[in-house]
Amino acid sequence: MGTLDGRVAVITAGSTGIGFCIAQAFVSEGASVVLANRSEEKGANALARLNVGDRAVFKKTDALICEQVEELIDFAVEKYGRIDILVNAAGGSDGWALIDSLSNEAWQKAFDWNCSSAFWGTRRALKYMLPAGYGRIINISSIEGKLASKMAVSHYIMGKHAMNGLTKATAAEYATRGIRCNAICPGPIETELMQEAGAQVAAAEGVTYEQFLQAFADDTMTKELQTVEQVAGMALLLAGPLGDGMTGTLYNVDGGTAPF
């Protein structure tokens with residue numbers, strides 16, 4: 001028997017990168033998963049790779065649109081009759097610039113992408129989790145939610161700090177009602193998003209993409225980038241029965257980057 005037998009998980013940005021690896025870990029332990037992404041092509045590819053039949057479905061969702069996030073949660077309950085686990089993995093930023101040149105639009109989008117999307121999903125999921133007396137909410141934050149070590153990404157740093165605050169507030173409000181909420185703060189991982197955005201951020205910093213990646217690795221004690229599998233392992237711990245005593249905490253998977 002798997003540690004997540006019978007559980008239902010919703011994973012935003014679940015078709016690629018960290019979200020997809022978490023989906024793989026969850027289904028391997030018996031869960032059913034609902035994956036969300038803006039790309040139907042990526043969603044179909046993710047389902048084919050999981051290859052678990054009716055235990056995985058995809059719903060096209062733009063995490064920047066409140067109504068679509070709420071519809072995603074409702075869809076999961078309509079499909080499987082419940083929602084036990086929510087992984088808010090959607091996040092990112094664009095319009096990178098130093099603060100004196102950063103646009104209002106980029107700032108607001110980063111807040112919505114990293115924090116509002118998690119708030120919308122959490123609020124809707126609680127509608128179903130509270131009557132059930134059980135829920136696991138896992139926010140995929142970043143080491144930049146604790147630090148501010150990179151240039152031209154102040155809006156991303158802000159969004160992840162805000163997500164961490166939402167994590168602690170959710171845990172405090174619902175700890176006695178069967179709900180656990182934690183955040184995972186990964187260090188540098190070369191995901192598809194990193195590959196797409198990294199070159200642009202590097203250009204904004206005036207360095208090459210390779211130098212950009214090396215700077216991340218150099219910040220760690222291990223001098224290595226982290227992996228999606230390492231993050232998925234932490235998510236599996238938090239989602240399963242061994243995570244019952246863990247809430248309101250920000251867990252680093254960062255190779256020793258952050259001192260706290």
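### Some remarks on the overall build of the protein
- A count of helical and extended segments in the protein gives 8 helices and 7 strands.
- Over its C-alpha atoms, taken along the principal directions, the protein stretches across nearly 50 × 40 × 35 Å.
- Within the protein, contacts between residues separated by at least 24 positions form 70% of all contacts whose residues are at least 6 apart in sequence.
- For the protein, the computed accessible surface area is about 11,200 Å², with 53% contributed by carbon and sulfur atoms.
- Side-chain charges in the protein split into 21 positive and 29 negative, and the spacing between the mean points of these groups amounts to 8 Å.

### Describing the pattern of salt bridges
- Taken as a whole and judged by the stated rule, the model has 9 salt bridges.
- Between arginine 82 and aspartate 84 there is a salt bridge, with the nearest N and O atoms lying 2.9 Å from each other.
- Its relative accessible area of 4% is what places aspartate 84 among the buried residues.
- Of the charged contacts in the structure, one is a salt bridge between arginine 136 and aspartate 244, with a shortest N-O distance of 2.5 Å. Here the residue arginine 136 occupies a position in strand β5 (residues 135-140), and aspartate 244 occupies one in the loop between α8 (228-239) and β7 (250-253), the gap between them amounting to 108 residues.
- A residue is classified by how much of its surface remains accessible, and aspartate 244, at 37% relative accessible area, is partly exposed.
- It is possible to trace a salt-bridge network through shared partners that takes in Glu70, Asp74, Arg123 and Arg124.

### Side note on the pairing of strand β4 (residues 85-88)
- With burial as the criterion, each face of β4 is covered, one bearing Ile85 and Val87 and the other bearing Leu86 and Asn88.
- Pairing geometry for strand β1 (residues 8-11) and β4, over 3 bridges, is parallel. The residue bridging valine 10 from the neighbouring strand is leucine 86, located in β4.
- Between the parallel elements β4 and β5, the chain passes through helix α4 (residues 104-132) in a crossover that is right-handed.

### Concerning the sheet that holds β1
- The sheet built from 7 strands is open, its strands ordered β3-β2-β1-β4-β5-β6-β7 with parallel pairing. Edge positions in the open sheet fall to β3 (56-60) and β7, since each of these has one partner strand only. Strand-to-strand, the axes of this sheet are offset by a mean angle of 20°, without reference to chain direction.
- Examined bridge by bridge, strand β2 (residues 32-37) and β3 share 5 bridges and lie parallel to one another. Counterpart to asparagine 37 in the pairing with β3 is lysine 60.

### Considering empty space enclosed by the protein
- Using the criterion set out here, one finds 1 cavity of 30 Å³ or more in the structure.
- Its volume calculated, the largest cavity comes out at about 30 Å³.
- Taken together, Ile143, Glu144, Leu147, Ser149, Lys150, Pro188, Phe216, Asp219 and Thr257 form the lining of the largest cavity.

### Some words on the layout of surface pockets
- Approximately 1,100 Å³ is the volume attributed to the largest pocket.
- In terms of lining residues, the largest pocket is bounded by 45 residues, among which Gly91, Gly92, Thr191, Leu193 and Met194 are the most central.
- At the level of secondary structure, the elements contributing two or more residues to the lining of the largest pocket comprise α1 (17-28), β2, α5 (154-174), α6 (192-205) and α7 (209-219).
- Broken down by class, the residue content of the lining of the largest pocket amounts to 22 nonpolar, 15 polar and 8 charged.
- Lining the second largest pocket are 14 residues, and of these Thr16, Gly17, Phe20, Arg49 and Val228 lie nearest its centre.
- At the level of elements, α1 and α8 are the ones that each hand at least two residues to the lining of the second largest pocket.
- Among the elements that make up the lining of the second largest pocket, the one with the highest residue count is α1 (4 residues).
- Per-class residue counts for the lining of the second largest pocket are 4 nonpolar, 6 polar and 4 charged.

Rules used in this analysis
Residue positions are given per chain, counting from 1 as you read along its sequence in written order. Thresholds applied to this predicted model are a pLDDT of at least 70 for local features of residues and 80 or more for the giving and counting of side-chain atom pairs; totals over whole chains, interfaces and linings are not thresholded and use all residues. The basis for every side-chain value is the complete set of heavy atoms in the structure, and neither hydrogens nor water enter the calculation. What counts as a helix is a DSSP run of H or I of at least four residues, what counts as a strand is a run of E of at least two, and both are numbered from the N terminus. In this analysis, two residues are considered to be in contact whenever any of their non-hydrogen atoms come within 4.5 Å of each other. Here the open area of atoms and residues is found with the Shrake-Rupley method and a 1.4 Å probe, where only the protein chains shown may cover a residue. Charge convention: Lys and Arg are scored as positive, Asp and Glu as negative, and His as well as the terminal groups of each chain are ignored. Charged side chains are reduced to one point each, which is NZ for Lys, CZ for Arg, CG for Asp and CD for Glu. Throughout this description, the term salt bridge denotes a Lys or Arg side-chain nitrogen within 4 Å of a carboxyl oxygen of Asp or Glu. Only protein chains enter the accessibility calculation, which uses a 1.4 Å probe; a residue whose area is less than 20% of its type maximum is buried, one above 50% is exposed, and one in between is partly exposed. Strand pairing is defined by DSSP finding a minimum of two bridges between the two strands. Orienting the strands away from the viewer, one traces the path from the first strand over the helix to the second; a clockwise path indicates a right-handed crossover. What counts as an axis is a line fitted to C-alpha atoms, over the stretch in contact for a helix, and the angles between N-to-C directions run from 0 to 180 degrees. Points on a 1 Å grid, built from protein atoms alone, make a cavity when a 1.4 Å probe fits but cannot get out and make a pocket when they are open with protein on both sides within 12 Å along at least 5 of 7 lines; residues with an atom within 4 Å of a point are the lining residues. Grid points are joined across faces, edges and corners, and a volume is the space filled by probe spheres set on the points. Each residue gets one of three labels, nonpolar for Ala, Val, Leu, Ile, Met, Phe, Trp, Tyr, Cys and Pro, charged for Asp, Glu, Lys and Arg, and polar for the others, Gly among them.

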